[in-house]
Amino acid sequence: MRIATHNVNSIRTRVGRVVDWLERSNTDVLAMQEIKCKPEQFPYKPFEDAGYKITMHGLNQWNGVAFASKMEAEDVEIGFSGMPAFAKGSEPGIGDLEARALGATFNGVRLWSLYVPNGRTLDDPHYAYKLEWLDRLASSTAEWLEHQPDQPLALMGDFNIAPLDTDVWDISEFIGATHVSPAERQAFEAFEQIGLTDVVRERLPEGYTYWDYQQLRFPKNEGMRIDFILGSETFADRVTSAVIDRNERKGEAPSDHVPVVVDLAD
């Protein structure tokens, strides 16, 4: 089974590119982030015409997560236990649950499409929200692993964290910024401590997954590695290959992220 994750940065804008890539890559399950639409706005037909079923969660023109799959999604779950809301106003704890997490099982493999909050700046309330969101996700993941240790599980998506200095083009450019702060990196490391593995890095130690549209970042290869597939032991044992499809950042109207792909043995 071929599984991939891709922050598509508006599925209505890039539906043609995404469906074309799905067919060319022969991907069985694609986790998407930043679909940026409500259910009634999703472009289902091109996916269905290509043989893919859509499972999605979107609330407005921001965020949004989905799966495109050749097989039926089972045990679909929107959000995870204790997932915090983001309080946009002045009252702490008052806010809306955003469309950032979607879980489903495909042929016995449990997958989560995740769009981790950005954090914005180190002194922004969004940064504290990001850390709390990751902490709650780690707690839920630990419970999943404890209750179903034999089920292959993967957290997939845009984590908005560069765990290593080499995951950004120049670490000196990120001093005092989000994505590389000690607290964010500790939050990422927590997933490894509870038993997940970055199943792509061991096969592809180098490679970025995101390049900003500004300042010719892609032509200058000034990118970041912030999209990951973190798998449980039973998931990792089945991985046979991995690809970061850098070429998808080329061409007309690409997303600023590229697909990250793994193959699983039966």
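Each value, and the rule that gives it
Residues numbered from 1 in each chain as written. Predicted model: local features only at pLDDT ≥ 70, side-chain atom pairs only at ≥ 80, totals over all residues. Heavy atoms only, no water. Core = buried A, V, L, I, M, F, W, Y, C linked by side-chain atoms within 4.5 Å. Buried < 20%, exposed > 50% of the residue type's maximum accessible area, 1.4 Å probe, protein only. Helix = DSSP H or I, 4+ residues; strand = E, 2+ residues; numbered from the N terminus. Contact = heavy atoms within 4.5 Å. Pairing = 2+ DSSP bridges. Axes fitted to C-alpha atoms, helices over the stretch in contact; angles between N-to-C directions. Polar contact = N/O pair within 3.5 Å; in protein donor to acceptor, adjacent residues only side chain to side chain. Phe/Tyr/Trp six-rings, centres within 6.5 Å; stacked < 30°, edge-to-face > 60°.

Visitor: A description of the nonpolar core should follow, citing residues and the corresponding values.
Guide: One finds Ile3, Leu111, Ile229, Phe235 and Val262 to be the most contacted residues of the largest nonpolar core, which totals 30 residues. Going through the elements one at a time, strand S2 (29–33), strand S4 (65–69), strand S6 (101–106), strand S7 (109–115), strand S8 (153–158), helix H5 (233–236), strand S11 (239–244) and strand S12 (260–264) are the ones with two or more residues in this core. Those residues within four positions of Leu111 in sequence are excluded, and the remaining contacts are Ile3, Val29, Phe67, Leu102, Gly103, Ala104, Phe106, Ala154, Met156 and Phe235.

Visitor: Tell me about the sheet that holds strand S5 (residues 74–78), and name the residues and values.
Guide: An order of S5-S6-S7-S8-S10-S9 is seen for the 6 strands of this open sheet, with the pairing classed as mixed. Two strands close off the open sheet at either side, each with one partner strand: S5 and strand S9 (197–198). Both S5 and S6 contribute to a ladder of 3 bridges, which runs antiparallel. Following the sheet pairing, Ile78 is matched in S6 by Leu102. Contacting S6, S7 and S8, helix H3 (residues 125–147) runs over the sheet at an angle of about 160° to S8.

Visitor: Please provide a residue-by-residue account of the pairing of S2, values included.
Guide: Counting buried positions over the 5 residues of S2 gives 5, a clear majority of the element. Direction of pairing for strand S1 (residues 2–7) relative to S2: parallel, over a ladder of 5 bridges. Counterpart to Ile3 in the pairing with S2 is Val29. Two elements, S2 and S4, share 5 bridges in a ladder whose sense is antiparallel. By the bridge assignment, Val29 is partnered in S4 with Ser69.

Visitor: Just give me the short version of the sheet that holds strand S3 (residues 53–57), but keep the residues and values in it.
Guide: The 6 strands are arranged S3-S4-S2-S1-S12-S11 in an open sheet whose pairing can be described as mixed. At either margin of the open sheet sits one strand with a lone partner, and together these are S3 and S11. On average, adjacent strands in this sheet sit at an angle of 15° to one another, irrespective of strand direction. As judged from the 4 bridges shared by S1 and S12, these two strands associate in the antiparallel manner. Counterpart to Arg2 in the pairing with S12 is Asp263. Packing of helix H1 (residues 11–25) onto the sheet brings it into contact with S1, S2, S4 and S12, and relative to S2 it is tilted by some 155°.

Visitor: An account of the side chain of Arg185 is requested, with residue identities and associated values reported.
Guide: Checked against the element boundaries, Arg185 lands in helix H4 (residues 182–193). Polar contacts involving the side chain of Arg185 include one to the main-chain carbonyl oxygen of Leu164, which spans 3.2 Å. Discounting chain neighbours no more than four positions away, the residues touching Arg185 are Ile161, Ala162, Pro163, Leu164, Asp165, Ile171 and Val180.

Visitor: Go over the packing of aromatic side chains, please, and point to the residues and values.
Guide: Any aromatic ring pair is given by two values, namely how distant the centres are and how the planes are angled relative to each other. One pass over the full model with this rule turns up 13 aromatic pairs. When the ring of Phe159 is compared with that of Phe188, the centres are 5.7 Å apart and the planes differ by 75°; the resulting orientation is edge-to-face. With Phe159 in the loop between S8 and H4 and Phe188 in helix H4, this pair connects stretches of sequence that are 29 residues apart. For Phe188, a relative accessible area of 3% translates into the label buried. Relative to Phe191, the ring of Phe159 has its centre 6.2 Å away and its plane inclined at 80°; by these criteria the two rings are edge-to-face. Separated by 32 residues along the polypeptide, Phe159 in the loop between S8 and H4 and Phe191 in helix H4 bring together distant segments of the chain. In this pair, the class of Phe159 matches that of Phe191, namely buried.

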